[in-house]
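Spelled out from the first residue to the last, the chains are:
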There are 2 protein chains.
Amino acid sequence: MYLIGIDVGGMSIKGGVVTQEGEIIFKTAIPTTEKYTADYSISEDIKKVIDLVVEGAKINLKDVKGIGIGQPGSIDSKKGIIRYSNNIALERVPVVDELKKYYDLPIYINNDANCAALGEHVFGAGKGYNDVIFVTLGTGVGTGFIIDGKLFEGRECAGTEGGHMVINMSKDAPLCNCGQRGCWETYASATALMRQTKEAMDQHPQSLMHKFAEEEGKVSGKTAFMAAKQGDKAGQEVVDNYMSYITCGLVNLVNIFCPDAILIGGGISNEKEYLTAPIKKAVNEGRFGAKFNPSIEVKTASLKNDAGILGAAALVL
Amino acid sequence: MYLIGIDVGGMSIKGGVVTQEGEIIFKTAIPTTEKYTADYSISEDIKKVIDLVVEGAKINLKDVKGIGIGQPGSIDSKKGIIRYSNNIALERVPVVDELKKYYDLPIYINNDANCAALGEHVFGAGKGYNDVIFVTLGTGVGTGFIIDGKLFEGRECAGTEGGHMVINMSKDAPLCNCGQRGCWETYASATALMRQTKEAMDQHPQSLMHKFAEEEGKVSGKTAFMAAKQGDKAGQEVVDNYMSYITCGLVNLVNIFCPDAILIGGGISNEKEYLTAPIKKAVNEGRFGAKFNPSIEVKTASLKNDAGILGAAALVL
């Protein structure tokens, strides 16, 4: 039996046929429409992708165990509804019911960060850990939680928004998309790192960060890391501060959940041990009851570009 | 069948015989010894209390379903061990094994805030809610979580320390007992409120807070509330800020857990609706996805002085 995983993003809807061991045997993608309407639901595009991957993988729907969909935004996983989504303008779309008209299969939908956490737990770096915090450092900060081997969603799948945990309640703290100031996301996302990098570059015209930004044609999440690795003091300061922001939010979550492991995903996780080693040390030292409580593994997520498809497919299992 | 609940505190060990409906039929307390040693474990004092309440309630041990113990500090509930406790200096005490020598009964131990959360869920204001955040605003800020009707403890019962969630990562933030700066506890505890009240009194010699503090013979958690209720501007400012600190931490937790209800306990909760009404409004407006996500009840805890005994007894159920 195969699983179908659908990964809805701001730019495209990706889909894949996946074995129960987490191998993708066929995948494809189509662009998202500019604006979905009452007459043309996003479910129609999801159906297109499902049909394409079934055809491409040369399988029969009879051999499919179920369909899982990962979707950014607030999802009611029990009712199968997208409550709302920011990046693609969607409000109250009953995706699962709409797709049930076409497929006589179990269909699941969940938040994309939740899917990614589940995917890592079932198929990736989170295998073998019972309690996992998954954090993705990208445009924003997404969090997903595995508690006692199961995906934790909060009541009505309306929790797990760890990126919107205020870590600086000062009135001068950066404004977040969510309306609050000082959310973890405004300090620890890749977007935030780029802002921090630009600010430091303005203050340090001699910093190597300028050289690397020029070479890459832009300031990216890598700029400060590259400079720091070359011994650039201003770059190192950016990296040190950025890691302390990541750590601050992680310690908060660890003090609540005490997981076996923290998995870090998103573009920034390409820094691998350079990122995870100091954070692991800081989290284990900074947590409450450090001397007595069980220690915590910190690793990078392993599913990378396929995390969305695999995580969505894992909903079926 | 009866339950025995033991509530270990810094000053005394309280105990009670409790019906399965949550009625205390007999209770008593003994003071804690200055310092427990390898030769004289705290288990000996707990045994004293158990024997006293069994005698006082005129019941037979055969009619006891089990014994529950609530204990401040880091508790390994699975192994029945106090990992460590701050206020009574204890390290690695195998309380359950020590008591098993005397009683052929199921014996449970858990963190006192966890017990209080469970007690409210089983016997108090949390009845009927499946997902509850319990917060006690006292010397510190204790948190307990009911998820899907069950007590959530974190891996190895080493989580649920929501009071040690940093909400102000500034280097100028107040230092917490745990070693971090800017923990929620340093802003939202009764201790913090008294500090905030004293600071405001220094700045406002004409404030009514001076009058109320004089009448009570000290600055307490009530001082600013009393002044605010009389229209005192400086008192109102202290109360408003204090409520915003409580709200900040609650919104962080709500964004992760999305509970049905938040229950507020501890001395400050005596302010009842004066405290909970504005906090309920602020939490529901400030949370992520406020427009779409389910709303959250905010109430005061109901078990008051007996919370410790009842919460510990609830461990048995």
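1. Points about the confidence of the model for chain A
Predicted confidence across chain A gives a mean pLDDT of 95, with 100% of residues reaching 70 or more. We note a pTM of 0.94 for the whole complex and an ipTM of 0.93 for its interfaces.

2. Some details on the sheet that holds strand β8 (residues 107-111) of chain A
All names here are of chain A. Taken in spatial order, the five strands make up an open sheet running β3-β2-β1-β4-β8, and their pairing is mixed. The outermost strands of the open sheet, each flanked by one partner alone, are β3 (24-31) and β8. For this sheet, the mean inter-axis angle between neighbouring strands, taken without regard to orientation, is 15 degrees. Summarising the sheet, strand β1 (residues 2-8) and strand β2 (residues 12-19) pair through seven bridges and their orientation is antiparallel. In the strand pairing of β2, Asp-7 is matched with Lys-14. Helix-sheet contacts for helix α3 (residues 112-123) involve β1, β2, β4 (64-71) and β8, and the interaxial angle to β8 is about 110 degrees.

3. So, the pattern of salt bridges
Tallied over the entire structure, the rule returns 30 salt bridges over all chains. In this structure, Asp-76 of chain A and Arg-83 of chain A form a salt bridge, with 3.7 Å as the shortest nitrogen-oxygen distance. Like Asp-76 of chain A, the residue Arg-83 of chain A is buried in the burial classification. With a shortest N-O distance of 3.9 Å, Lys-222 of chain B and Glu-216 of chain B are connected by a salt bridge.

4. A closer look at the interface of chain B and chain A
How big an interface is tends to be stated in terms of the accessible area lost upon association of its parts. Listed per partner, the contact involves 47 residues of chain B and 47 residues of chain A. Together, the buried faces of chain B and chain A total about 4100 Å²; carbon and sulfur atoms form 60% of this surface. Taken together, the links from chain B to chain A amount to four salt bridges. Linking Glu-91 of chain B and Lys-291 of chain A is a salt bridge whose minimum nitrogen-to-oxygen distance equals 3.7 Å. Between the two partners, chain B and chain A, sit 26 residue pairs in polar contact (both at pLDDT 80 or more). Counting residues per element, the ones that place at least two in the side of chain B that touches chain A are β6 (81-85), β7 (90-93), β10 (141-147) and α8 (233-257) of chain B. Among the elements that take part in the side of chain B that touches chain A, α8 of chain B stands out by supplying eight residues, more than any other. Residue composition of the side of chain B that touches chain A, by class: 23 nonpolar, 14 polar and ten charged.

5. Details of the relation of the copies chain B and chain A
Overlaying chain B on chain A yields an RMSD of 0.1 Å, the required transformation being a rotation through 180 degrees with an accompanying axial translation of 0.0 Å. Between the two chains, the operation in question is that of a two-fold axis. An overlap of 100% is found between the interface residues of chain B and their copies at the interface of chain A, pointing to a shared contact surface.

6. Describing the packing of helix α8 (residues 233-257) of chain A against α8 of chain B
Contact geometry for α8 of chain A and α8 of chain B: axes closest at 13 Å, N-to-C directions at 70 degrees. Considered as vectors, α8 of chain A and α8 of chain B are oriented roughly perpendicular to each other. By crossing handedness, the relation of α8 of chain A to α8 of chain B is classed as right-handed. For the pair formed by α8 of chain A and α8 of chain B, the contact residues are Leu-253, Ile-256 and Phe-257 of chain A on the first element and Leu-253, Ile-256 and Phe-257 of chain B on the second. The residue makeup of the contact of α8 of chain A with α8 of chain B, split by class, is six nonpolar, no polar and no charged.

7. Focus on the packing of aromatic side chains
Overall, the coordinates contain 19 aromatic pairs over all chains when judged by the stated rule. Between Tyr-36 of chain A and Tyr-40 of chain A the ring centres are 6.3 Å apart and the planes differ by 10 degrees, which places this aromatic pair in the stacked class. Tyr-36 of chain A sits in the buried class, given a relative accessible area of 8%. One residue, Lys-229 of chain A, lies across the ring of Tyr-274 of chain A, its end atom 4.8 Å from the ring centre. When the ring centre of Phe-212 of chain B is taken as origin, the NZ or CZ atom of Lys-211 of chain B, which lies over that ring, is 4.2 Å away.

The rules we used
Residues numbered from 1 in each chain as written. Chains lettered and ligands numbered in written order. Predicted model: local features only at pLDDT ≥ 70, side-chain atom pairs only at ≥ 80, totals over all residues. Heavy atoms only, no water. pLDDT = per-residue confidence, 0-100. Pairing = 2+ DSSP bridges. Helix = DSSP H or I, 4+ residues; strand = E, 2+ residues; numbered from the N terminus. Axes fitted to C-alpha atoms, helices over the stretch in contact; angles between N-to-C directions. Contact = heavy atoms within 4.5 Å. Salt bridge = Lys/Arg side-chain N within 4 Å of Asp/Glu carboxyl O. Buried < 20%, exposed > 50% of the residue type's maximum accessible area, 1.4 Å probe, protein only. Buried area = accessible area lost by both parts, 1.4 Å probe. Polar contact = N/O pair within 3.5 Å; in protein donor to acceptor, adjacent residues only side chain to side chain. Nonpolar A, V, L, I, M, F, W, Y, C, P; charged D, E, K, R; others polar. Least-squares fit on C-alpha atoms with pLDDT ≥ 70 in both. Parallel < 35°, antiparallel > 145°, perpendicular 65-115°, else oblique. Left-handed = near helix turned anticlockwise from the far one by under 90°. Phe/Tyr/Trp six-rings, centres within 6.5 Å; stacked < 30°, edge-to-face > 60°. Lys NZ or Arg CZ within 6 Å of the ring centre and 35° of its normal.

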